[in-house]
Amino acid sequence: MKKLGLLAMIEAAFFAAFALILDLLPAIQLGPWISISFAMVPIFILAFRWGFTVSILSGFIWGLLQVAIGDIYFLTPIQFAIEYFIAFAFIGFAGLFYKPIQSHLQNGEKKKALQWAVVAIFVGSVARYFWHFIAGVIFWGENAPEGMSPVIYSLIVNGGTMLGATILCSVVILLLLSNAPRLIQRKGTGTISAKKA
Ligand code: 218
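Residues numbered from 1 in each chain as written. Predicted model: local features only at pLDDT ≥ 70, side-chain atom pairs only at ≥ 80, totals over all residues. Heavy atoms only, no water.

Overview of the site of the ligand
For clarity, the threshold we go by: Put simply, a residue is near a molecule or strand once any heavy atom of it comes within 4 Å of that molecule or strand. Side-chain atoms alone can form a polar contact between residues adjacent in sequence; in general such a contact is a pair of N or O atoms within 3.5 Å, and within protein one must be able to donate a hydrogen while the other accepts it. All accessibility values rest on the Shrake-Rupley procedure with a 1.4 Å probe; residue burial counts only the protein chains present in the view. A 1.4 Å probe that fits but cannot get out identifies a cavity on a 1 Å grid over protein atoms alone, an open set with protein on both sides within 12 Å along at least five of seven lines counts as a pocket, and a residue lines either if it has an atom within 4 Å of a point. More than half of a molecule's atoms within 2 Å of the grid points is what it takes for that molecule to sit in a cavity or pocket. Note on conventions: DSSP H or I runs of at least 4 residues are helices, E runs of at least 2 residues are strands, and numbering of each starts at the N terminus. By the convention adopted, Pro, Cys, Tyr, Trp, Phe, Met, Ile, Leu, Val and Ala count as nonpolar, Lys, Arg, Asp and Glu as charged, and the other residues, Gly among them, as polar.
As a matter of local geometry, the ligand sits amid Trp33, Glu83, Tyr84, Arg128, His132, Gly136, Trp140, Tyr153 and Asn158. Glutamate 83 is positioned such that a nitrogen or oxygen atom in its side chain is 2.6 Å from a nitrogen atom of the ligand. Across the complex, the protein chains shield 91% of the 450 Å² of accessible surface that the ligand would expose by itself. A molecule is said to occupy a pocket when more than half its atoms come within 2 Å of that pocket's grid points, and by this definition the ligand occupies the largest pocket. Only helix H4 (77–90), helix H6 (110–139) and helix H7 (150–179) provide two or more residues apiece to the shell around the ligand. With three residues, H6 is the single largest residue contributor to the shell around the ligand. When the residues that make up the shell around the ligand are grouped by side-chain class, the tally is four nonpolar, three polar and two charged.

Some points on the packing of helix H1 (residues 6–24) against helix H3 (residues 52–68)
Filter applied, for reference: Angles run from 0 to 180 degrees between N-to-C directions of axes, and those axes are lines fitted to C-alpha atoms, restricted for helices to the stretch in contact. Angles below 35 degrees are treated as roughly parallel, those above 145 as roughly antiparallel, those between 65 and 115 as roughly perpendicular, and all remaining angles as oblique. Left-handed is the label given to a crossing in which the near helix is rotated counterclockwise from the far helix by less than a right angle, and right-handed is the label when the rotation is clockwise. Contact criterion: two residues are considered in contact whenever any of their non-hydrogen atoms come within 4.5 Å of each other.
In contact at an axis separation of 8 Å, H1 and H3 are set at 45 degrees when each is read in the N-to-C sense. The angle between H1 and H3 places the two elements in the oblique class. As for the relative orientation of H1 and H3, their crossing is right-handed in sense. In this structure, H1 uses Ala8, Met9, Ala12, Ala13, Phe15, Ala16, Ala17, Ala19, Leu20 and Asp23 to contact H3, whose residues at the interface are Val54, Leu57, Ser58, Ile61, Trp62, Leu65 and Gln66. Taken together, the residues that form the contact of H1 with H3 break down as 14 nonpolar, two polar and one charged.

Structure, rendered in structure tokens:
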């Protein structure tokens with residue numbers, strides 16, 4: 001496996017800290033557990049800049065920071081590990097789409113890059129909220145309204161949050177990618193392809 005460079009590690013920590021701060025801002029609250037926010041955007045930007053390994057690391061660091069500031073819900077050690085280490089790290093699955101996003105941007109095909117970015121955001125969000133869904137079924141089921149099964153309850157809460165986050169993050173990334181694609185291109189490659197085009 002390739003060793004991570006210092007710059008990649010610094011960016012992973014920086015973008016994780018940025019996500020933590022965004023998560024402290026007020027979000028769109030639909031009931032006690034459905035909270036739609038764009039806090040995952042920094043991890044997605046990082047995923048598009050560096051790819052899978054770095055974005056998994058950054059998601060994991062975000063989880064660690066969340067624990068460090070004590071902004072957590074602890075029911076059992078397993079629930080805690082699933083929701084704050086595994087789930088946050090899994091946002092990094094968005095990094096699987098690093099290559100098509102980078103190559104389309106380099107070729108000046110912004111629209112195609114954007115389409116892949118939305119796919120990546122969806123995959124990263126599903127990968128995270130899958131774990132919150134599992135934790136929801138096993139550990140949060142008793143919060144379900146009378147007569148509702150824990151599976152349906154967790155699906156509504158975590159599926160709803162996942163969809164909301166996907167849409168909100170996609171809109172923010174759309175605006176960022178359209179106005180400042182160099183945020184996602186590392187070495188000023190945008191200028192070169194712009195000249196070619
Ligand atoms: C049904 C249900 N309710 C609550 C939780 C807990 N949960 C959900 C989403 C995200 C997070 C991490 C903090 O943002 C937590 C703890 C759940 N998994 N399922």
